[in-house]
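# Understanding the architecture of this molecule
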Amino acid sequence: MTDFSEILQIVGLSILVSGTSTLIGSVVGVPLGVLVALRKFRGRNFVRTVAFTFYGFPPVLAGLLVFLILSRGGPLGFLGFLFTPIGMILAQSVIVMPIVMGITISAMMMVEKRLHDTSLALGANERQWRTTALHDARVGVFTAVMVGFGRAISEVGTVLIVGGNIRGQTRVLTTAIVLEISQAHYVEATIFGIILFVIAFAVFAFLQRLQAKGVV
Amino acid sequence: MPREPLPWPSFVTVWRAAFVLSALLIAAGMAVSIDLQPRSFIVLATTTSARDSGLLDYLIPYFQSDTAIGVRYTAVGTGQALDLGRRGDADVVLVHAPSAELAFMAAGQGLCRSPVMMNQFVVVGPNQSDPAGILGLTNATIAFERIRTTHSLFISRGDNSGTNIIEKTIWSWVGYTPSTTNDTWYKESGQGMAATLDIASQLVAYTLSDDGTFLVHSANLELRIDVQHDPTLRNFYSVIPVNASVHPSIFVTGALRFAKWLTSATGQSLIGNYTAGGVRPFQPDGQDLCP
Amino acid sequence: MSAAPLSLQGIHKSFGAKQVLRGLDAEVQAGEIFSIVGPSGAGKTTALRLLDLLDSPDAGRITFHGKSYPIRSPESLAQRRRMALVMQNPTVFRATAFENVAYGLWLRGVPDAELRGRVFAGLDFVGLLEAAKDPAEKLSGGEQQRIAFARAAVLNPEILLLDEFTANLDPFNVRLLEQSILRYRHETGCTVVIVTHNLFQAKRLADRVALLLDGQFVEVAPATDFFDHPARAETRAFLSGEMAY
């Protein structure tokens, strides 16, 4: 049923969708996390609690909400993003962002309070301090990004609902596995599962090497 | 006031690079996905059994080469397929739920409704034994009654799918509603047809299936068809192009071409010739009722 | 109005119900090493934080050459950048020794070429030039504190504030750091305020000593007078070791 070129296409789309959504989720989530962790503002604790709650937000539910929004009948229907890769990317970004933000907040909150005094004492203003704190917490923040990617590449509900699992267009590894299982093709499903695992492993191994080398 | 320099500038550079890369990827994604007119493909919403029979993957390449229109189909439950049509997310719908279809048409959501083909539901049971003695029957109600009285193992879909609803209808004709709590011989899989067939095969049990899916998988199953050609178990498929009034983005021309192609001589003969598991599950029953 | 580089007038500070400082008065002269001693919890660190404009007093004024700076104003940032504070227990950033020492210069936008020169000079000053590329966290406690000192010294601050900064260090590093301060003050003429609970250290380094007791400066005197002929009974009690600290 699926030939090699089709498998390649599925793998490529998986990496593209999950990679891009991790990127977007991090670009938004990390600065937000830094601000929430470091800046005092009214309702800060509330925002923090909400961010942590969204960790456990079920991806299927996010998929449903994005579906309703991107549907032709919905507010952003005119974009025509339903059943397309960009729709899947946007939907996964919605899931990844709170995860990256939440773990970033935790990492930033672990930065020693005395570092703040040191930093100010050496002449930093608040903005410079935020960059300093972020730099000091970078291992934790990097972990946040990795966890975000792990969630994106392994989730199935969102991409299934928003993408539609269309052959050649919006089928990724996880939705392909679901399809094979529903047709009792357990061998094919397992093969896709192994490929997914290998990809995740390769990505994390690479990122860990970057960490060890002190790039991050 | 000039901006204060930041310590560890490399960190900020990484963020900026990530931001630019994100923007590029989003732009590329949008460029690929944004609705280009004229569209070169239709979005078809259909059911899992239509997909699982393998018929669509067989037909679509023929359609595409005949018309140069692509078909992107998503297989969901009957209810959701019609809902996608109602929302305008699908250009054309192919389902087999006559009462729901009529409601769809009555609400003005379908442009036209053409019958396409029919297959049937069959009662399948173990290859090597027949504890309920139903082999060769052509009446599913009698078969179900015998399964009940002999307490023979029966696997239900248990998922409110079209097949599950038919199964419940037959039980209502028998006058008895089995439940997993009261009847140890009655099990629910909660899964799709192929998985349910697999379970029936493993547990040496009976189940109800559409013949298309069964035939596609029969080689891997220790099951055989016990009850077929029951007139009440015929399963009628219709194709419904969505009404343009539902949403301006509907690709009406493409949807109509698809509907007409399915009911054309070419489409109908392909449907009739489609073979799965050595048998032809679909009987062409098409009629072009579209303008 | 005093034109001394650093002047405290009637400083009061409480945290909640606890009143820590109850009226500090002192004047630090240009180029002197002014040591604050006293029991733990007397408010020495609080005083130093107020001096570095990290916090503001509930009452009283701190003036620098006669000017005072409200804590959130841009002028206070500028004044903070003319001072430097080294804290007890090294707080180094997760970066190389070089990057740590360069931190303050980065913040001020010092151009690269000049920055490199000053950082290497600073590392050399504390004897850690070979460790420039090493991650600061991998250094020993004493080495980290030397980095912290270099980090403050390269900024050429007008006022150097040191908060028990040789506490918990081995004798070798203590001696090295004390010599660095003396050398630094000799070479640059900067004003140094050093908080310490080590009386011997105060004796070795200070020009003048102030005893902080119950939130007030009980006695402020030149070092020799303070140790050899203390004027106040409390000072004598403190020096004799009767007071546990």
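A quick note: this is a predicted structure, and the numbers were derived from the prediction, not measured. (Residues numbered from 1 in each chain as written. Chains lettered and ligands numbered in written order. Predicted model: local features only at pLDDT ≥ 70, side-chain atom pairs only at ≥ 80, totals over all residues.)

### As for the overall build of chain A
Check the secondary structure of chain A and you find 10 helices and 0 strands. Helices (α) and strands (β) of chain A occur, in sequence order from the N terminus, as α-α-α-α-α-α-α-α-α-α. Each of the three principal axes of chain A carries a C-alpha extent, and together these read 65 × 45 × 25 Å. Per-residue burial for chain A yields a buried fraction of 49% across its 216 residues. Excluding contacts between residues fewer than 6 apart, the proportion of contacts in chain A whose partners are at least 24 apart in sequence is 75%. (Helix = DSSP H or I, 4+ residues; strand = E, 2+ residues; numbered from the N terminus. Buried ≥ 20, exposed ≤ 12 C-beta atoms within 10 Å, placed from the backbone. Contact = placed C-beta atoms within 7 Å.)

### What to know about helix α6 (residues 171-188) of chain C
Residue and element names in this part refer to chain C. Here α6 is 18 residues long and its end C-alpha atoms lie 25 Å apart, about the 26 Å a rise of 1.5 Å per residue gives. Listing the buried residues of α6 in full gives V174, L177, I181 and Y184. The buried residues of α6 occupy an angular sector of 95° when projected down its axis, which confines them to one face. Of the exposed residues in α6, those oriented more than 90 degrees away from the buried face are P171, F172, Q179, R183, H186 and E187. The inward-facing, buried residues of α6 abut α5 (141-153), β7 (191-195) and α7 (199-205). After α6 finishes, the residue G189 shows a positive phi value of roughly 70°. (Expected span 1.5 Å × (residues − 1). Arc of directions from axis to C-beta.)

### What about the interface of chain A and chain B?
Tallying the contact residues gives 32 residues for chain A and 34 residues for chain B. The set of elements that each furnish at least two residues to the side of chain A that touches chain B consists of α1 (4-38), α4 (85-109), α6 (126-136) and α9 (173-182) of chain A. For the side of chain A that touches chain B, the element with the most residues is α6 of chain A, which contributes 6 residues.

### Considerations on the domain arrangement of chain B
Residues and elements named next belong to chain B. By domain assignment, chain B separates into domain 1 (41-118 + 236-284) and domain 2 (119-233). A separation of 27 Å is found between the C-alpha centroids of domain 1 and domain 2. Every contact between the two is made by 18 residues of domain 1 and, on the other side, 15 residues of domain 2. Tallied by class, residues from the side of domain 1 that touches domain 2 come to 7 nonpolar, 10 polar and 1 charged. (Domains from an automatic or database assignment. Nonpolar A, V, L, I, M, F, W, Y, C, P; charged D, E, K, R; others polar.)

### Focus: helix α11 (residues 265-273) of chain B
Residue and element names in this part refer to chain B. Considered for burial, the residues of α11 that qualify are G267, Q268 and I271. Taken down its axis, α11 places every buried residue within 95° of arc, on the same side. Away from its buried face by more than 90 degrees, α11 exposes A265, S269 and N273.

### Considerations on the packing of helix α3 (residues 55-67) of chain B against helix α10 (residues 252-262) of chain B
Residues and elements named next belong to chain B. With their axes 11 Å apart at the nearest point, α3 and α10 run at an angle of 120° to one another. When the interaxial angle is binned, α3 and α10 end up oblique. Crossing of α3 over α10 shows right-handed handedness. On α10, the residues that touch F63, D66 and T67 of α3 are R257, F258 and W261. When its residues are assigned to classes, the contact of α3 with α10 shows 3 nonpolar, 1 polar and 2 charged. (Axes fitted to C-alpha atoms, helices over the stretch in contact; angles between N-to-C directions. Parallel < 35°, antiparallel > 145°, perpendicular 65-115°, else oblique. Left-handed = near helix turned anticlockwise from the far one by under 90°.)

### Notes on the nonpolar core
It is characteristic of soluble globular proteins that their nonpolar side chains tend to be buried jointly. Ranked by size, the top nonpolar core spans 90 residues in total, and within it V100 and V162 of chain A together with L44, V92, V93 and F258 of chain B carry the most contacts. Among the elements that make up this core, the one with the highest residue count is α4 of chain A (16 residues). Look past the residues within four positions of F258 of chain B in its chain and what remains in contact with it is I42, F63, V71 and V92 of chain B. Of all hydrophobic cores here, the second largest spans 75 residues; its members include A124 of chain A together with A47, L50 and V119 of chain C. (Core = buried A, V, L, I, M, F, W, Y, C linked by C-beta atoms within 7 Å.)

### Details of the sheet that holds strand β1 (residues 6-15) of chain C
Hydrogen bonds between backbone groups are what pair the strands of a sheet, and the pairing can be parallel or antiparallel. Residues and elements named next belong to chain C. What the 3 strands build is an open sheet, ordered β2-β1-β4; its pairing is antiparallel. Edge positions in the sheet fall to β2 (18-28) and β4 (59-63), since each has one partner strand and no second. Across this sheet, the average inter-strand angle for adjacent strands is 20°, counted without regard to direction. Bridge count for β1 against β2 is 8 bridges, and the pairing is antiparallel. Residue pairing across strands places H12 opposite R22, the latter belonging to β2. (Pairing = 2+ DSSP bridges.)

### Focus: the pairing of β1 of chain C
Residues and elements named next belong to chain C. Following β1, the chain reverses through 2 residues before pairing antiparallel with β2; G16 in that reversal takes a positive phi of roughly 65°. In the sheet, β1 pairs with β4 via 4 bridges, with the strands oriented antiparallel. Within β4, the residue paired with L8 across the bridge is I62.

### A word on the packing of α4 of chain A against helix α7 (residues 138-154) of chain A
All names here are of chain A. Contact geometry for α4 and α7: axes closest at 8 Å, N-to-C directions at 155°. Comparing their axes, α7 and α4 come out roughly antiparallel. Considering only the axes of α4 and α7, their crossing is right-handed. Across from Q92, I95, V96, I99, V100, I103, T104, S106 and A107 in α4, the residues of α7 making contact are G140, V141, T143, A144, V145, V147, G148, R151 and A152. Counted by class, the contact of α4 with α7 contains 11 nonpolar, 6 polar and 1 charged residues.

### Thoughts on the environment of T207 of chain B
Residue and element names in this part refer to chain B. When you line up the elements, T207 lands in strand β7 (residues 206-210). Separated by 85 residues in the primary sequence, T207 and V122 place their C-alpha atoms 8.5 Å from one another. Excluding residues that lie within four positions of it along the chain, T207 makes contacts with V124, F154, I155, T196, L197 and A200.

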